[in-house]
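Observations on the three-dimensional arrangement
Residues per chain are reported as follows:
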Amino acid sequence: MIRVNENEVPWRDGMTVQDCLDAMGYDFVHITVTVDDVFVESIRYRTTRVPDGADVRAIHLYHGG
Amino acid sequence: MAQMIDITINGKPVQVIQGSFLLGAVRSAGFDVPTLCHHKDLTPNGTCRLCLSEIELKGRKRLVTACNYPVREPLCVSTTAEPVVKHRKMLAQMYLGRWPNVPAIQNIAEQCGVTDGSRFKSELTEENPKACILCGHCTRACEEFTLERVLDFAGRGIKRHLTMAFGEPDSHCIGCTSCAYVCPTGAISVVDALNNPKDPVKIRNAGMRVNAEMATLDQSQCRMRDVGTANIVDVMNRYDLLPVHNYRFGSHEEAFKIDSKVLKSRFAQGAADGCWLGCSMACAKTVDHFELQTGPYKGHKVCVDGPEYETAAASSNMGCFDADFLFEFNFYCDTYGVDTISVGTCMAFVMEAFEAGVITEKHTGGLKLPFGACDEVLEILHQMARGEGFGVDVGKGIRWLKNKWAKEYGADADYLRDIGMELKGLEYSEYVSKESLAQQGGYALATKGPQHDEAWLIFMDMVNKQLPTFEDKAEALYYFPLWRTWFGLNGLCKLIWNDVVPADNSKKHKPQDAAKIPDHVRGYFEFFEGMTGTALDETRMLEQSARVYNFQRCISRMLGFGTRKDDIPPYRSMGPVTVEEYESRAERYDAQLKDQVGVDPTGKNTAEKVRLLRAFREGQYQKLVDVVYKRRGWTSNGVPKIERLKELGIDLPEIVEMVKNDQE
Amino acid sequence: MSNHNLKPIDKSDLEKIAARVREGFGRYKAMIMVCTGTGCVAAKGFDIRDKMTSEIEKHGLQNEYLVVSTGCNGFCAAGPLAVLQPSGVFYQKLKAKDVEEIVEKHLQGGQVVTRLLYTDPVTEKTHEKMEDIPFFTKQQLVALRNKGLIDPENIEHYIARGGYTALRKVLSDNDPEKAIDEVLASGLRGRGGGGFPTGLKWRSGRKAAKERGEPIYVVCNADEGDPGAFMDRSIVETDPHSVLEGMLIGAFAVGSHEGFVYIRKEYPLALVRLERALEQARTMGLLGKNILGMGFDFDIEVHRGAGAFVCGESSALMASMAGKPGEPRAKYVHNVEYGYRDKPTILNNVETWANVPVIFEKGSKWFASIGTGDVSKGPWNGNSGTKVFSLVGRVNHTGLVEVPMGMTLREIIFDIGGGIPDGRSFKAVQTGGPSGGCLPESCLDLKVDFDSLTEAGSMMGSGGMIVMDDRSCIVDVARYFINFLTDESCGKCTPCREGLFALNRTLTKICDGQGTPDDLAFLEELSQTVAAASLCQLGASAPNPVLSALRYFKAEFEAHINDKRCPAGVCKPLIQYGITDACTGCVVCAKRCPTQAITGEKKAKHAISSEKCIKCGVCLEVCKFDAVEVK
């Protein structure tokens with residue numbers, strides 16, 4: 001089990017950062033992602049694996065229009 | 001999403017994003033090539049030819065300009081191959097021969113190991129060290145930063161020279177000085193003829209950073225130049241935050257009919273427009289040649305100024321998922337001088353009341369007003385303007401309608417209070433705050449009424465979970481209203497604070513700090529400092545705002561408002577009022593009942609669950625208010641304490657008079 | 001002709017129209033095909049035509065003889081000319097007063113006017129019929145299949161020759177991919193100079209448009225800018241419908257509904273004929289909606305150039321069409337993917353389009369059997385079909401020729417071109433316009449096709465072929481082309497803008513007798529950088545004339561630099577006009593000299609003052625005793 005913004009998401013082997021975002025429906029453009037406090041660049045979302053038990057944060061930088 | 005390509009540069013293996021230009025890869029691999037026409041904030045156009053590099057692709061060698069060569073397949077790059085070095089030397093001689101005294105050129109010559117350009121000396125050689133070297137930075141900056149094209153080249157071949165149209169000063173030039181900013185030789189000089197800012201260079205530099213970001217990042221971020229605030233419709237619908245049917249729901253299957261794709265297809269072609277000539281964000285949009293179907297201008301083809309997000313979301317709130325309706329609605333609200341948000345939210349309230357049978361056709365003058373009644377909405381708008389019919393009532397706003405219907409039609413006042421989305425007499429703006437306690441506070445605790453430009457905390461709270469405790473929320477409800485008030489105090493647009501974000505914002509700052517977009521905040525401070533000569537930091541900025549903010553609160557008290565009871569919002573903004581609403585998000589609400597309220601939802605009927613959840617949430621809200629008032633230095637009833645006024649230096653006798661009877 | 005009689009047609013009407021036209025022609029004893037290509041028009045070709053018509057009427061012969069105004073016949077050296085069909089009697093170098101004689105003696109009296117027939121300057125034989133004239137015998141007409149046989153301003157003539165049946169075939173097969181396959185199999189390669197396999201281009205464009213769900217455009221490049229080249233101009237003046245039909249077929253194959261012709265402003269007659277052709281095609285429903293009633297929509301807009309050679313380059317052309325300055329852009333992303341309006345765009349040359357209908361009429365196999373190379377080995381291996389050349393300069397038979405690919409330079413220049421006039425000797429031939437090079441006698445046996453000339457330092461290019469004799473100075477020729485390109489460079493990129501300017505300066509210096517030995521090395525070195533570093537093909541190929549001149553004619557450069565001498569007698573600062581002992585003292589030259597530089601008494605040898613002499617060459621021209629020499 002991993003946590004994405006404190007929401008519990010089932011983990012599976014080979015899960016990537018992009019998979020986490022997809023699981024939560026996060027497709028907003030201004031997102032900052034950290035995995036266990038380590039920053040991940042957006043071009044690496046599809047290639048960065050997330051370990052079981054990880055604390056994933058997808059901070060949306062948004063303050064409305 | 002981007003694919004990575006493996007290439008080698010001078011033997012070193014490097015990974016690059018497919019489609020990106022070679023020069024970036026060369027530099028990040030630690031190598032360099034001389035460049036002249038390249039500028040990090042402008043699109044490359046490969047005219048100086050200095051960055052020529054040899055690539056080997058599928059066994060074939062050729063020379064390409066690294067600055068604008070898109071890497072699409074694996075290849076080998078050499079920036080030091082013999083032909084490349086040879087040609088660079090010859091090019092450097094050409095430059096030196098034509099502009100021998102320009103430092104940027106001398107630099108290039110040095111980089112290429114060339115000292116003598118005399119073979120290219122001719123009658124066209126310019127001795128001036130500030131000569132124009134035809135690099136084209138200025139023409140591109142004019143186009144990409146400010147979306148003008150005041151400067152361009154004229155003359156073919158060797159006669160090429162920089163000029164404005166017809167060789168005359170162009171009145172479209174607003175003096176943004178982007179051209180001077182990017183000129184490598186100083187050929188373009190700035191003559192200041194301004195309103196005496198203390199440090200114009202500081203202002204320009206801060207502004208140029210923004211221009212450069214807009215030119216390079218906007219397309220892959222919020223697309224303000226492309227679609228403007230319409231891009232927000234898509235986002236809100238995806239995140240279940242788009243008001244639908246008087247804030248009952250956060251998304252709708254027909255929302256695509258008024259999303260940014262549809263709106264973009266109707267916006268005037270290629271016209272990124274600004275509120276003022278020269279704005280580089282240029283997010284204003286218009287729908288041109290729109291033929292009106294109703295009202296006094298029926299049949300006219302007009303230019304509709306917008307729609308912005310709020311207007312589109314208001315349309316959604318009314319259940320009117322129709323682009324043509326949206327444009328007509330936008331136009332007539334503008335023409336009549338009524339706010340689209342107020343009308344939209346008010347109509348949504350009317351529609352829910354109509355569907356619930358609180359009012360009927362008898363009361364509306366025969367108009368049927370369920371959600372989605374587009375034609376009828378327009379009719380009401382026209383009635384409002386003509387001053388006749390049911391429209392006149394609607395024009396008085398939700399507060400007035402609630403009172404009238406309870407008094408004259410015997411409607412349930414509590415029910416109306418729950419679903420009438422207004423506070424302090426102002427209709428709510430178009431975001432669903434139901435699931436974000438912080439945003440409920442953001443709306444309800446604003447002195448002016450539920451306007452989100454005080455605080456927009458929904459993502460921080462709901463999605464990022466960055467405000468877990470009451471104290472966190474209170475801190476946000478302290479900082480953001482003051483920060484956002486500051487824009488208004490200085491007459492500045494806030495969009496360049498966070499509708500474009502520096503590329504390295506996430507890398508440079510921790511997530512909590514990144515949310516404030518520190519580099520852009522600094523930019524605003526630099527603007528202020530450049531104008532006034534007074535240095536600014538976060539503390540001083542907050543003070544500036546807090547003085548006005550608290551003054552406003554005091555005046556509100558003086559007028560008989562400004563206490564806790566005025567800060568309690570309609571329940572629709574906090575949670576599900578009806579069984580239908582609860583059931584549309586049952587899983588979420590059941591989970592909250594279980595985890596946070598400590599009540600097992602199984603076996604309970606929905607009406608009961610609604611009641612239990614409501615009690616919880618209303619209690620949560622009161623707790624929030626306690627903490628916020630404390631943080632703001634107000635009494636438990638929401639009135640500024642005199643010691644706070646003293647702190648801010650606004651404890652003038654007239655102001656103290658307004659609040660002295662409310663002190664604890 | 002007017003459009004009054006034209007009506008929309010459907011697919012079954014083509015044969016009916018053809019039959020009607022042929023039947024109409026059959027009622028006449030003969031047709032007088034008067035050439036009204038620009039060359040003949042400049043020599044009063046319209047007057048010849050009008051006089052012919054009025055003389056025929058005057059003699060009451062209008063029911064027996066029909067005057068047809070045709071486009072370029074091709075034999076420009078013999079113009080103005082008229083050809084009788086079907087007999088093929090060929091009258092040349094006509095003046096208005098000759099027309100009367102033709103009508104009276106030949107049309108009325110039945111006797112050929114031998115004085116106006118063509119006499120070969122080399123064999124000295126007189127030929128009555130066009131088909132016997134050596135200039136024509138070795139040609140093979142594919143792109144120019146209708147030249148001299150139709151009135152380009154009468155669409156029905158084109159239809160009578162089988163026009164638009166290829167389009168009908170393609171539309172009724174209704175298989176765009178198959179049509180592309182056919183063009184690919186034919187081996188057709190771009191005739192504008194690039195030689196890119198046309199089928200490949202169409203295939204890429206169609207694919208890009210389908211993948212992105214975007215419209216695709218077809219464009220005809222009629223911006224022929226090479227000095228001395230008039231192949232495209234002639235095709236448009238002579239048979240504009242061959243181009244339109246080609247574009248229609250291409251549009252169908254790639255899925256396009258919008259086409260453009262970009263034609264240079266300096267071709268007014270071609271433009272008139274093009275617009276007339278478009279109008280007539282539209283009136284007959286061959287352009288617009290539901291073409292031939294077969295459900296295909298397509299129309300063509302004409303853009304005029306504004307006097308820039310660089311706008312013949314595809315990306316500059318498209319920029320110009322979009323209203324932007326005609327400057328090329330980097331072609332790392334091709335126009336077939338992102339071209340006009342950033343959409344997939346198929347740009348082909350006039351001659352390429354003109355070849356398309358005949359490929360469908362006669363089949364790709366037939367087309368591939370003409371020329372050399374083997375297209376079955378791959379689309380780049382074919383040198384199929386023919387090429388149109390404008391053969392000009394110091395050659396007997398100047399004009400427009402069309403020959404199969406792979407014919408040698410020698411055959412073209414000597415067999416068809418009739419060799420060098422005035423008994424002078426061949427020195428060089430410039431092929432490929434400003435992008436090509438000067439090839440010497442040793443190269444005469446090279447085959448002319450897409451590939452063979454490149455190794456030798458030149459290229460076939462779009463078909464310009466300028467022949468030079470020993471009175472041409474190669475250094476001056478190189479300077480001419482560089483001067484032209486310096487003027488035409490768009491100026492965007494440094495090597496072309498500054499480099500050509502410096503090459504021009506240096507070559508001018510050499511021609512003025514101020515050259516130094518360093519200059520040769522500089523020319524060579526600079527040429528290589530301009531060629532390698534330029535942004536577009538204008539700059540990249542600009543040094544070719546210089547490099548090829550240096551390669552084959554270095555001695556001539558050295559003479560200019562070291563000896564301050566121009567062996568061909570062209571470079572004015574390096575030559576002197578003098579009078580030899582052959583002078584009879586007739587005083588003619590002295591009278592004609594514009595600067596009174598010649599002194600001398602009657603019957604005494606004259607002298608030329610080198611200070612006053614401006615080397616205009618008038619004395620050389622008027623002297624009947626060959627007593628003027630240029631040193």
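Provided above is the structure to which this section pertains.
In what follows, the accompanying structure is described. (Residues numbered from 1 in each chain as written. Chains lettered and ligands numbered in written order. Predicted model: local features only at pLDDT ≥ 70, side-chain atom pairs only at ≥ 80, totals over all residues. Heavy atoms only, no water.)

**Description of the overall build of chain B**
- When its secondary structure is counted, chain B shows 30 helices and 11 strands.
- Considering only residue pairs separated by 6 or more positions, chain B has 61% of its internal contacts joining residues 24 or more positions apart.
- Charged side chains of chain B number 80 positive and 89 negative; the gap between the two group centres comes to 4 Å. (Helix = DSSP H or I, 4+ residues; strand = E, 2+ residues; numbered from the N terminus. Contact = heavy atoms within 4.5 Å. Lys, Arg positive; Asp, Glu negative; His and termini not counted. Charge placed at Lys NZ, Arg CZ, Asp CG, Glu CD.)

**Quick look at the interface of chain B and chain A**
- Tallying the contact residues gives 35 residues for chain B and 29 residues for chain A.
- Counting the surface lost from both chain B and chain A, the interface buries some 2800 Å², and carbon and sulfur atoms represent 59% of this.
- At the junction of chain B with chain A, the criterion picks out 2 salt bridges.
- The interface formed by chain B and chain A includes 10 residue pairs in polar contact (both at pLDDT 80 or more).
- Counting residues per element, the ones that place at least two in the side of chain B that touches chain A are strand 2 (12-17), helix 8 (231-238), helix 19 (458-463), helix 20 (470-490), helix 21 (495-498), helix 22 (505-508) and helix 23 (511-514) of chain B. (Buried area = accessible area lost by both parts, 1.4 Å probe. Salt bridge = Lys/Arg side-chain N within 4 Å of Asp/Glu carboxyl O. Polar contact = N/O pair within 3.5 Å; in protein donor to acceptor, adjacent residues only side chain to side chain.)

**Here's the deal with empty space enclosed by the protein**
Residue and element names in this part refer to chain C.
- Summed over all chains, the structure comprises 7 cavities of 30 Å³ or more.
- The wall of the largest cavity is formed by 16 residues, among which C593, I598, C613, C616 and C619 lie closest to the centre.
- Listing elements by their share of the lining of the largest cavity, those giving two or more residues are helix 24 (588-592) and helix 25 (618-622).
- Among the residues forming the lining of the largest cavity, the class breakdown is 12 nonpolar, 2 polar and 2 charged. (1 Å grid on protein atoms, 1.4 Å probe; cavity = no way out; pocket = protein on both sides within 12 Å on 5 of 7 lines; lining within 4 Å. Points joined across faces, edges and corners; volume = space filled by probe spheres on them. Nonpolar A, V, L, I, M, F, W, Y, C, P; charged D, E, K, R; others polar.)

**Description of helix 10 (residues 309-317) of chain B**
All names here are of chain B.
- With 9 of its 9 residues buried, helix 10 lies for the most part within the structure.
- If you check which residues of helix 10 are buried, you get Y309, E310, T311, A312, A313, A314, S315, S316 and N317.
- Among the residues trailing helix 10, G319 stands out with phi positive, at a value near 75 degrees. (Buried < 20%, exposed > 50% of the residue type's maximum accessible area, 1.4 Å probe, protein only.)

**Details of the side chain of Q544(B)**
- Structurally, the position occupied by Q544(B) is in helix 25 (residues 538-558).
- Within the structure, the side chain of Q544(B) is placed 2.7 Å from the side chain of W486(B), a separation counted as a polar contact.

**Structural notes on the sheet that holds strand 18 (residues 464-469) of chain C**
Residue and element names in this part refer to chain C.
- Across the sheet, 5 strands lie side by side as 15-14-18-16-17; this open sheet has mixed pairing. Lying at the two open borders of the sheet, with one neighbouring strand each, are strand 15 (399-404) and strand 17 (438-440). The average angle at which neighbouring strand axes cross in this sheet is 30 degrees, direction not considered.
- Inspection of the sheet shows strand 14 (residues 386-393) paired to strand 18 by 4 bridges, in the parallel sense. Looking across to strand 18, one finds that L391 is bridged to M465.
- Contacting strand 14, strand 15, strand 16 (426-431), strand 17 and strand 18, helix 16 (residues 409-416) crosses the sheet at an angle of about 115 degrees to strand 16. (Pairing = 2+ DSSP bridges. Axes fitted to C-alpha atoms, helices over the stretch in contact; angles between N-to-C directions.)

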